[in-house]
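Below are the chains, spelled out letter by letter.
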Amino acid sequence: MKTRTLKSLFRRKHRNPVEPEGRELINHNGLHYLDCIEALAKAMGAERYLEIGTSTGASLARIECASIAIDPEFKIKIPVTGMKPACHLYQMTSDNYFERHDPKPVLGGTIDLAFLDGMHRYEFLLKDFMNTEKHCAKNSIILLHDCLPPTFEMTNREGAPGRFNKAYKHYWTGDVWKVVAILKAWRSDLKMFLLDCPPTGLVAISNLDPGSEILAQNYLQIVSDYSSKTKDFGDLQAYIAANQPASSKTLSPSDLLHNLGR
């Protein structure tokens, strides 16, 4: 009995404590993404801001310029107007917003900075990027959230919480990481910079083309090509290995703007 117990303890002690789905593929130790968004908005002197996926208002509260926020169900818990000259809230899906509204007359011009953090499925984020780009200038910046997920289990499409890695137990990014791969494959004209902003990375995109129809014309084919597969774990591993982010602590906002062509 004693020997069996010792063997059992030995096996438990040396067993891999994290299943492959929960294995940490990347560790983000840069500036928190909210701090990075705020610093970037100030450095570029943004005057017109749009965000999708406001939720509690944490990101919107960091912005000081005229803003549009879109969310199908606002859960704002903090003051978000601050010193903004205007703050417009649209409680609807982003698809419905862009079908019914034009942000340019409301903001007084093209969007300077956009933050996309809506539904965590790649086909939704891709459409949000397409719709937002139409209302931007060439040197505007679009930020994508959650595109550098630390674990595979947080990339499920159902919104299920993590089970294997306690450090990321409540995180869910969905499979929006695929949008970076899609844009690199289909829009090589874009300037893209990946940042190590906790908890799930931040992607900055510029050199935009509001007149581009490439993604729209091929949307259905792209969505089909990147549909979920049982072997997405290997794809995610390869994607992370090929898309290592820059340090947001050593890269100043002005340097980031320079790298993005501003």
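Counting restarts for each chain, with residues numbered from 1 along the sequence as it is written. With the structure being a predicted model, the display of local features is reserved for residues of pLDDT at least 70 and the display and counting of side-chain atom pairs for 80 or more, all residues being used for whole-chain, interface and lining totals. The basis for every side-chain value is the complete set of non-hydrogen atoms in the structure, without hydrogens or water.

Considerations on the overall build of the chain
And then number 1: Strands here mean DSSP runs of E at least two residues long; helices mean DSSP runs of H or I at least four residues long; both are numbered from the N terminus. If you tally the helices and strands in the chain, you get 10 helices and seven strands.
And then number 2: Throughout, radius of gyration means the C-alpha value; the globule benchmark is 2.2 Å times the number of residues raised to the power 0.38. The C-alpha atoms of the chain give 20 Å as radius of gyration, which agrees with the globular expectation for 262 residues (18 Å, within 12%).
And then number 3: Type-normalised accessible area, obtained with a 1.4 Å probe on protein chains alone, sets the label of each residue: buried when under 20%, exposed when over 50%, and partly exposed for intermediate values. Every one of the 262 residues in the chain was classed for burial, and the buried ones make up 48%.
And then number 4: Pairs of residues are marked as contacts when any of their non-hydrogen atoms sit within 4.5 Å. Taking all contacts inside the chain whose residues are at least 6 apart in sequence as the whole, residues at least 24 apart take part in 67%.
And then number 5: Areas reported as accessible are Shrake-Rupley estimates using a 1.4 Å probe. Residue values count occlusion only from the protein chains shown. With the model as given, the accessible surface of the chain reaches about 13,000 Å², and the carbon-plus-sulfur share is 52%.

What to know about the nonpolar core
And then number 1: For the purposes of this section, nonpolar cores are sets of buried Ala, Val, Leu, Ile, Met, Phe, Trp, Tyr and Cys residues that join through side-chain atoms within 4.5 Å. Leu 126, Phe 129, Leu 144, Leu 183 and Ile 205 are the most contacted members of the largest nonpolar core, which has 45 residues in total.
And then number 2: Those residues within four positions of Leu 144 in sequence are excluded, and the remaining contacts are Leu 116, Leu 125, Phe 129, Val 179, Leu 183, Gly 201, Leu 202, Val 203 and Ile 205.
And then number 3: In this structure, Met 44, Val 80, Leu 195 and Leu 260 belong to the second largest nonpolar core, which totals 27 residues.

Comments concerning the packing of helix 5 (residues 122–133) against helix 6 (residues 177–186)
And then number 1: At their nearest, the axes of helix 5 and helix 6 sit 8 Å apart, and the two run at 50 degrees to each other. What the angle tells us is that helix 5 and helix 6 run oblique. Every pair of crossing elements has a handedness; the one defined by helix 5 and helix 6 is right-handed. Seen from helix 5, the contacting residues are Tyr 122, Leu 125, Leu 126 and Phe 129; seen from helix 6, they are Lys 178, Val 179, Ile 182 and Leu 183.
And then number 2: Partitioned by chemical class, the residues of the contact of helix 5 with helix 6 number seven nonpolar, no polar and one charged. Helix axes are fitted only over the stretch in contact, all axes being lines through C-alpha atoms; the angle between N-to-C directions runs from 0 to 180 degrees. Convention used here: angles under 35 degrees read as roughly parallel, angles over 145 as roughly antiparallel, angles from 65 to 115 as roughly perpendicular, and any remaining angle as oblique. Crossings are assigned a handedness: left-handed for a near helix turned anticlockwise from the far helix by less than a right angle, right-handed for a clockwise turn. Here the term charged refers only to Asp, Glu, Lys and Arg, the term nonpolar to Ala, Val, Leu, Ile, Met, Phe, Trp, Tyr, Cys and Pro, and the term polar to all other amino acids, Gly among them.

Observations concerning the pairing of strand 5 (residues 136–145)
Where a strand is regular, its side chains alternate between the two sheet faces.
And then number 1: Most of strand 5 sits inside the fold, with seven of its 10 residues counted as buried.
And then number 2: Here strand 4 (residues 111–116) pairs with strand 5 via five bridges, running parallel. From the neighbouring strand, Leu 113 faces strand 5, where its bridge partner is Ile 141. Two strands pair if DSSP finds at least two bridges between them.

Looking at the confidence of the model for the chain
And then number 1: The predictor attaches a confidence to each residue, called pLDDT, with possible values from 0 through 100. Confidence in the prediction for the chain averages 92 pLDDT; 92% of positions are at 70 or higher.
And then number 2: For the stretch residues 6–16, pLDDT sits under 50, and the model shows zero contacts to residues farther than four places along the chain or on other chains.

Comments concerning helix 5
And then number 1: In a helix, the anticipated span is given by 1.5 Å times the number of residues less one. Taking 1.5 Å per residue, 12 residues should reach 16 Å; helix 5 reaches 16 Å between its end C-alpha atoms and fits that length.
And then number 2: Of all 12 residues making up helix 5, 10 are buried, and the element is well covered by its neighbours.

Here we look at the pairing of strand 7 (residues 202–206)
And then number 1: Across the five residues that make up strand 7, a large majority, five, are buried.
And then number 2: Neither face of strand 7 is left uncovered, since the one carrying Leu 202, Ala 204 and Ser 206 and the one carrying Val 203 and Ile 205 both have all their residues buried.
And then number 3: Of the strand pairs in this sheet, strand 5 and strand 7 are connected by four bridges, and their pairing is antiparallel. Within strand 7, the position partnered with Leu 143 by the bridge is Ala 204.
And then number 4: With five bridges joining them, strand 6 (residues 191–195) and strand 7 adopt antiparallel strand pairing. Bridging across to strand 7, Met 192 finds its partner in Ile 205.
And then number 5: If you look at the hairpin formed by strand 6 and strand 7, you'll find six residues sitting between the two strands, and Gly 201 has a positive phi there, around 85 degrees.

Re the sheet that holds strand 3 (residues 87–90)
And then number 1: Taken in spatial order, the seven strands of this open sheet run 3-2-1-4-5-7-6, and their pairing is mixed. Both edges of this open sheet fall to strand 3 and strand 6, since each of them pairs with a single strand only. When the angles between neighbouring strand axes are averaged without regard to direction, this sheet yields 15 degrees.
And then number 2: Seen against the sheet, helix 2 (residues 33–44) touches strand 4, strand 5, strand 6 and strand 7 and runs at an angle of roughly 175 degrees to strand 4.

Looking at the packing of aromatic side chains
And then number 1: Pairing of aromatic rings covers Phe, Tyr and the six-membered ring of Trp, with a centre-to-centre limit of 6.5 Å; geometry is then stacked below 30 degrees between planes, edge-to-face above 60, and tilted otherwise. Following the criterion strictly, the structure yields six aromatic pairs and no others.
And then number 2: Look at Tyr 168 and Tyr 171: their rings are 5.8 Å apart centre to centre, the planes differ by 65 degrees, and that puts the pair in the edge-to-face class.
And then number 3: Owing to a relative accessible area of 32%, Tyr 171 belongs among the partly exposed residues under this scheme.
And then number 4: Taken together, Tyr 90, Tyr 97 and Phe 98 form an aromatic cluster joined through their ring pairs.

Re the pattern of salt bridges
And then number 1: Should a side-chain nitrogen of Lys or Arg be within 4 Å of a carboxyl oxygen of Asp or Glu, the pair is scored as a salt bridge. Scanning the model with the defined rule gives 11 salt bridges in all.
And then number 2: For Asp 35, the salt bridge identified is with Arg 62, shortest N-O distance 2.8 Å. Remark: Arg 62 occurs in the loop between strand 1 (48–52) and strand 2 (66–70) and Asp 35 occurs in helix 2; sequence separation between them is 27 residues.
And then number 3: Asp 35 sits in the partly exposed class, given a relative accessible area of 33%.
And then number 4: With its nearest N and O atoms 2.9 Å apart, the salt bridge here joins Glu 133 to Arg 187. Remark: Arg 187 occurs in the loop between helix 6 and strand 6 and Glu 133 occurs in helix 5; sequence separation between them is 54 residues. Residues Glu 133 and Arg 187 agree in their burial class; the two are buried.

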